[in-house]
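Okay, here's what each chain looks like letter by letter:
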Amino acid sequence: MTDKRALALSAVAKLGAAPLGHFYGGVSVPGEGTPFDVLEPGTGGVIGQACDASEAQVNAAVAAAHDAFPAWSATPATERRKILNRVADLIEARADEIAAVECLDAGQCWRFMSKAAIRGAENFRFFADRAPSAADGQALPTADHVNFTTRKAIGPVAVITPWNTPFMLSTWKIAPALAAGCTVVHKPAEWSPYSARLLIEIAHEAGLPAGVFNAVNGLGETTGKRLTEHKDIKAIAFVGESSTGSAIMRQGSETLKRVHFELGGKNPVIVFDDADFESALDAVVFMIYSLNGQRCTSSSRVLIQRNIYDRFIARLTERVNNLKVGDPFDPATEVGPLVHPRHFAKVASFADIAQQGGARIAAGGAPVEGTSGFFYKPTLFADATQSMRIAQEEIFGPVLTAIAFDDEADAIRQANDVEYGLAGYVWTNDLGRSLRVSEALDVGMVWVNSENVRHLPTPFGGVKSSGIGRDGGDWSFDFYMETKNIALARGTHSVPRMGA
Ligand code: NAD
């Protein structure tokens, strides 16, 4: 056994007697509901069990958040800043352990997870430092009134996260919510529950008061549903599939929940013939095969200008066949296993779909043999067209669909011809074209001559079926806070008189 896997198993063992329960009101609470298995994608074995929260437990977690809200939202922002910076310090101190746990239950590769844990700390630090200015508003004076706006934390919020990079994504939502003065009930994904428990334990060790941050484990259709329907939850920050986003919107509609959705994607990377060929190739490979292709911003469609198509596909095929697939704990591994047999079956089903649709399997297209883990070969579907299912549907695995285009207009048309609109990537050395194409793409984010490089002050989010709302910078606070306008008369205007 590698040292890193031993570290992960010992971190999970330290979380207490199985099955994994919940954490609310500042204490660990044993599970009452039905237990379910948590698998190790790298081996196919069972790591342990976690419990679906009972209805009473969801209510108790929300009650804890509700009771803690008045004091936490009134806590001086400088104090919130201090505590959240301490959370960041402790995440950094335990970054190896967190990364190892992500490799264990999410099957993500060490080479990426060691950085993701540090990014979790950065998320806390970034929003901690902005807590003192979160309530700031605008002055909007008129001749007769001084208007000023201010912001207040919205209340207890639900944060529901997926399994692909569970720790980093959770911190991305939870850190701004806490910095804004909200209290939180988190429901992590059932397939990868362990790093969320590490996070909540770290937060309490850092001095977060009881009830401010709570977590319940469980399935989406039971625990998640109860949470999103609860009348005392004021907003839902959700990251996951588009269809789940629709369900959550329905569930939250009765109680008029504010929602923030980060959903699926089928993101195009457009490679023009004047692009820096080698850099574009590096970016195309990195953006779909890193994180085992289980990445919302992955460039899962590569659109290549027809006159460089064959050369690009030849080089791409070489690179895909050369990717090092294996043990997620091995720092040399580039592609690890898929998270779960159910997800594996979905990803694997696309090889037949590709062939039936008329595409060519240029690389992969089959499970890795001789392993009990959920390993799928890095796959390249070439010679596809935009109408095929492999060009329309989010596969969410190490699977890339390649399509040729003729000119700028054709590239834009094909890029936009999907129901999703999260990110787009443009490779060209023509400055004017880079601007025209960036502006024409129906997406929330565009990177020109770059892979996805996240800068926290910038807005992150999608359009169409890829989401509602933006994360990052002040956009996060706008979601977790209510804006109020106060109009103060200067005493210069006359109030209309009626019935006088
Ligand atoms: P999922 O929608 O199946 O599950 C996400 C979370 O929602 C889980 O915690 C799940 O238990 C919960 N859930 C499921 N049904 C629910 C319901 N009815 N009510 C309340 N909660 C419910 O998504 P997944 O398979 O875990 O994650 C993969 C998806 O996430 C992909 O589509 C990917 O693109 C997306 N994603 C998007 C972003 C982004 O920033 N846009 C980032 C990461 C992942």
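Residues numbered from 1 in each chain as written. Predicted model: local features only at pLDDT ≥ 70, side-chain atom pairs only at ≥ 80, totals over all residues. Heavy atoms only, no water.

## Remarks on the packing of aromatic side chains
Tallying each qualifying case throughout the model produces 12 aromatic pairs. Relative to F127, the ring of F126 has its centre 4.9 Å away and its plane inclined at 85°; by these criteria the two rings are edge-to-face. Of the two residues, F126 and F127, both sit in the buried class. With a centroid separation of 4.7 Å and 65° between ring planes, the pair formed by W172 and F460 is classed as edge-to-face. Residue W172 is located in helix α6 (residues 166–180), and its partner F460 is located in the loop between β18 (445–448) and β19 (463–464); the two are separated by 288 residues in the primary sequence. Through a chain of ring-to-ring contacts, three or more aromatic side chains come together here, namely F126, F127 and F477. In this structure, R111 packs its charged tip against the face of F112, placed 5.9 Å from the ring centre. Here R130 stacks its cationic end above the ring of F126, 3.6 Å away from the centre of that ring. (Phe/Tyr/Trp six-rings, centres within 6.5 Å; stacked < 30°, edge-to-face > 60°. Buried < 20%, exposed > 50% of the residue type's maximum accessible area, 1.4 Å probe, protein only. Helix = DSSP H or I, 4+ residues; strand = E, 2+ residues; numbered from the N terminus. Lys NZ or Arg CZ within 6 Å of the ring centre and 35° of its normal.)

## Regarding the domain arrangement of the chain
Taken domain by domain, the chain comprises domain 1 (3–263 + 466–484) and domain 2 (268–448). Each of domain 1 and domain 2 has a C-alpha centre, and these two points are 30 Å apart. At the interface, 29 residues of domain 1 touch 31 residues of domain 2. Taken together, domain 1 and domain 2 are joined by 0 salt bridges. Seen at the junction of domain 1 and domain 2, the total is 11 residue pairs in polar contact (both at pLDDT 80 or more). Here the side of domain 1 that touches domain 2 gets 5 residues from one element, more than from any other, and that element is helix α4 (residues 95–106). Looking at side-chain class alone, the side of domain 1 that touches domain 2 contains 14 nonpolar, 9 polar and 6 charged residues. (Domains from an automatic or database assignment. Contact = heavy atoms within 4.5 Å. Salt bridge = Lys/Arg side-chain N within 4 Å of Asp/Glu carboxyl O. Polar contact = N/O pair within 3.5 Å; in protein donor to acceptor, adjacent residues only side chain to side chain. Nonpolar A, V, L, I, M, F, W, Y, C, P; charged D, E, K, R; others polar.)

## Details of the packing of helix α5 (residues 110–130) against helix α16 (residues 473–480)
Following both chains from N to C, one finds α5 and α16 inclined at 70°, their axes separated by 11 Å at the closest point. The pairing of α5 with α16 is recorded here as roughly perpendicular in orientation. Every residue of α16 that contacts α5 at F126, F127 and R130 is listed here: G473, S476 and F477. The residue makeup of the contact of α5 with α16, split by class, is 3 nonpolar, 2 polar and 1 charged. (Axes fitted to C-alpha atoms, helices over the stretch in contact; angles between N-to-C directions. Parallel < 35°, antiparallel > 145°, perpendicular 65-115°, else oblique.)

## Structural notes on the state of the cysteines
Applying the stated rule across the entire model yields 0 disulfides. Cysteine C109 remains unbridged, with the sulfur of C103 as its closest cysteine sulfur at 7.2 Å. (Disulfide = S-S within 2.5 Å.)

## What to know about the pattern of salt bridges
Evaluated as defined, the whole model comprises 25 salt bridges. Residues E482 and R258 are paired through a salt bridge, measuring 2.8 Å at the closest nitrogen-oxygen approach. Linking E482 in strand β21 (residues 481–489) with R258 in strand β10 (residues 258–262), this pair joins segments that are 224 residues apart in sequence. In this structure R258 comes out as partly exposed when scored by relative accessible area, which is 26%. One salt bridge connects D383 with R360, and the closest N-O pair in it is separated by 2.9 Å. One end of the pair, D383, is in strand β14 (residues 379–384); the other, R360, is in strand β13 (residues 360–363), with 23 residues separating them in the sequence. It is possible to trace a salt-bridge network through shared partners that takes in D89, E92 and R125.

## Notes on the pairing of strand β11 (residues 268–271)
Residues P268 and I270 point to one face of β11 and V269 and V271 to the other, with burial holding for every one of them. Handedness of the crossover is the feature at issue here: the chain leaves β11, passes through helix α10 (residues 277–289), returns alongside strand β12 (residues 301–305), and the resulting connection is right-handed. (Right-handed = clockwise from strand over helix to strand, strands pointing away.)

## A closer look at the site of the ligand
Surrounding the ligand, one finds 28 residues, the nearest of these being T161, E190, T244, L263 and E394. A distance of 2.8 Å separates an oxygen atom of the ligand from a polar atom in the backbone of T161. Between the ligand and K187 there is a distance of 2.9 Å, counted from an oxygen atom to a side-chain nitrogen or oxygen. Protein coverage of the free-state accessible area of the ligand, which is 860 Å², stands at 92%. The site holding the ligand turns out to be the largest pocket. Elements with a contribution of two residues or more to the shell around the ligand: α8 (220–229), β9 (235–239) and α9 (242–253). (Near = heavy atom within 4 Å. Areas by Shrake-Rupley, 256 points an atom, 1.4 Å probe, with all protein chains shown as cover. 1 Å grid on protein atoms, 1.4 Å probe; cavity = no way out; pocket = protein on both sides within 12 Å on 5 of 7 lines; lining within 4 Å. Sits in = over half its atoms within 2 Å of the grid points.)

## Here's the deal with empty space enclosed by the protein
In this structure the tally under the stated criterion is 3 cavities of 30 Å³ or more. A volume near 60 Å³ is recorded for the largest cavity. Every residue lining the largest cavity is counted, 14 residues in all, and those nearest its centre are S298, S300, E394, I395 and F396. Taken together, the residues of the lining of the largest cavity sort by class into 5 nonpolar, 6 polar and 3 charged. (Points joined across faces, edges and corners; volume = space filled by probe spheres on them.)

## Some thoughts on the nonpolar core
In globular proteins that are soluble, nonpolar side chains generally tend to be buried together. F124, L178, V302, F312 and L316 are the most contacted members of the largest nonpolar core, which totals 113 residues. Taken domain by domain, this core gets at least three of its residues from each of domain 1 (3–263 + 466–484) and domain 2 (268–448). Not counting the four nearest positions on each side in its chain, L178 is found in contact with W72, R80, L84, F124, V184, L208, V212 and F213. One finds F350, A351, I403 and V443 within the second-largest nonpolar core, a separate group that totals 30 residues. (Core = buried A, V, L, I, M, F, W, Y, C linked by side-chain atoms within 4.5 Å.)

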